[in-house]
Amino acid sequence: MLAIVSFTLGPVFTNAYLVADNETGETAVIDPAWDGRLILAEAQKRNWCIGHLWYTHAHFDHIGGAAEITEALNPPPSVALHSADHMLWWMQGGAAFFGFCIDPGPKPAVRLEHGQTLRLGNVTFEVRHTPGHTPGHCVFYCAQAGVLFSGDLIFQGSVGRTDLPGGDWDALVRSIREQVYTLPDETRLLSGHGPETRVGEERRHNPFMRI
Ligand SMILES: [Zn+2]
Ligand SMILES: [Zn+2]
């Protein structure tokens, strides 16, 4: 069964998620933001073994904890990112643009693709490519648990910004309509910033998607 521990970390309050199959202890970190040691300590406390880092996208605030987590683990976790965000990863996720400097950690070796299945023990996640906030943005849908990890695509009452390099408003709207609003109303949305919400709630009330 899927177990989820949420963290809100760093100067722009980024949500990181420790996700595990609590029967096998196989674990991934979705967006290892900022304080890698804290995420690692929580996993160790629960006897969970972090085998994967899955990135919704390569912005610096979502990957800054990767180096600390990786250094402490042997074997190191595999790192997964969509190839359309590799350029952004090489630029440290745009950290310098915001006056930050981060260690981006190990190079992503797993290329996420639309429709790909990711596994943690008996729990599976579907990768959905959702460009708009960045060209390689992806979300992770766990149908068994009824949860979508939506990164910076959609938030409670808001959507991801598209004014940064690689942003595309029309693509963002299309991604939300086709990849999020097609999911069941009761699907939990765990996003990259802000509180949890649900698909039905956003379909009815998200003010940015009414146009
Ligand atoms: Zn972002
Ligand atoms: Zn973000």
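Note: the structure precedes this text.
Model, not experiment: these values are computed from the prediction. (Residues numbered from 1 in each chain as written. Chains lettered and ligands numbered in written order. Predicted model: local features only at pLDDT ≥ 70, side-chain atom pairs only at ≥ 80, totals over all residues. Heavy atoms only, no water.)

**Observations regarding the overall build of the protein chain**
Along the protein chain, the regular secondary structure elements total 6 helices and 14 strands. Rg of the C-alpha trace for the protein chain: 16 Å, near the compact-globule value of 17 Å for 211 residues, within the 12% margin. Across its three principal directions, the C-alpha atoms of the protein chain cover 50 × 40 × 30 Å. A burial count over the protein chain gives 53% of its 211 residues as buried. Within the protein chain, counting contacts between residues at least 6 apart in sequence, those at least 24 apart form 60% of the total. Accessible surface, the protein chain: about 9,300 Å² in total, of which carbon and sulfur atoms supply 53%. If you average the places of the 15 positive and of the 23 negative side-chain charges in the protein chain, the two averages end up 4 Å apart. (Helix = DSSP H or I, 4+ residues; strand = E, 2+ residues; numbered from the N terminus. Rg over C-alpha atoms; globule rule 2.2 N^0.38 Å. Buried < 20%, exposed > 50% of the residue type's maximum accessible area, 1.4 Å probe, protein only. Contact = heavy atoms within 4.5 Å. Areas by Shrake-Rupley, 256 points an atom, 1.4 Å probe, with all protein chains shown as cover. Lys, Arg positive; Asp, Glu negative; His and termini not counted. Charge placed at Lys NZ, Arg CZ, Asp CG, Glu CD.)

**Section: the packing of aromatic side chains**
A complete count under the given rule lists 10 aromatic pairs for this structure. An angle of 90° between the planes, with centres 6.2 Å apart, marks the rings of W34 and F60 as edge-to-face. One end of the pair, W34, is in the loop between β3 (26-30) and α1 (36-45); the other, F60, is in helix α2 (residues 60-63), and 26 residues separate them in sequence. Assessed through its relative accessible area of 4%, F60 is described here as buried. Here the aromatic residues Y17, W54, F125, F140 and F149 are joined through ring pairs into a cluster of three or more. The cationic tip of R46 hangs over the ring face of W48; the distance from NZ or CZ to the ring centre is 5.2 Å. (Phe/Tyr/Trp six-rings, centres within 6.5 Å; stacked < 30°, edge-to-face > 60°. Lys NZ or Arg CZ within 6 Å of the ring centre and 35° of its normal.)

**A look at the nonpolar core**
One finds L18, I39, I50, L53, Y55 and I69 to be the most contacted residues of the largest nonpolar core, which totals 28 residues. Residue assignment for this core shows that the elements contributing at least two residues are β1 (2-9), β2 (14-21), α1, β4 (49-54), α2, α3 (66-71), β5 (78-82) and α4 (86-90). Once residues lying within four places of it in the same chain are set aside, the contact partners of L53 are V29, P32, A66, I69, T70, P77, S78, V79 and A80. By size, the runner-up hydrophobic cluster in this structure holds 19 residues, among which are A28, I30, V127 and F140. (Core = buried A, V, L, I, M, F, W, Y, C linked by side-chain atoms within 4.5 Å.)

**A word on unusual backbone geometry**
In this model, N74 is joined to P75 through a cis peptide bond whose omega is 5°. Looking at where P75 falls in the secondary structure, it is placed in the loop between α3 and β5. Its identity is not glycine, yet F13 carries a phi of approximately 50°, on the positive side. Within the fold, F13 resides in the loop between β1 and β2. Accessibility expressed as a relative area gives 57% for F13, which makes it exposed.

**Some words on the pairing of strand β9 (residues 138-142)**
For β9, a buried count of 5 out of 5 residues is recorded, marking the element as mostly surrounded by other parts of the structure. Residues C138, F140 and C142 line one face of β9 and the alternating positions V139 and Y141 line the opposite face, and both faces are buried. Here 4 bridges tie strand β8 (residues 123-129) to β9, and the two strands are oriented antiparallel to one another. What sits directly across from H129, in β9, is C138. (Pairing = 2+ DSSP bridges.)

That is the geometry; function is a separate question.
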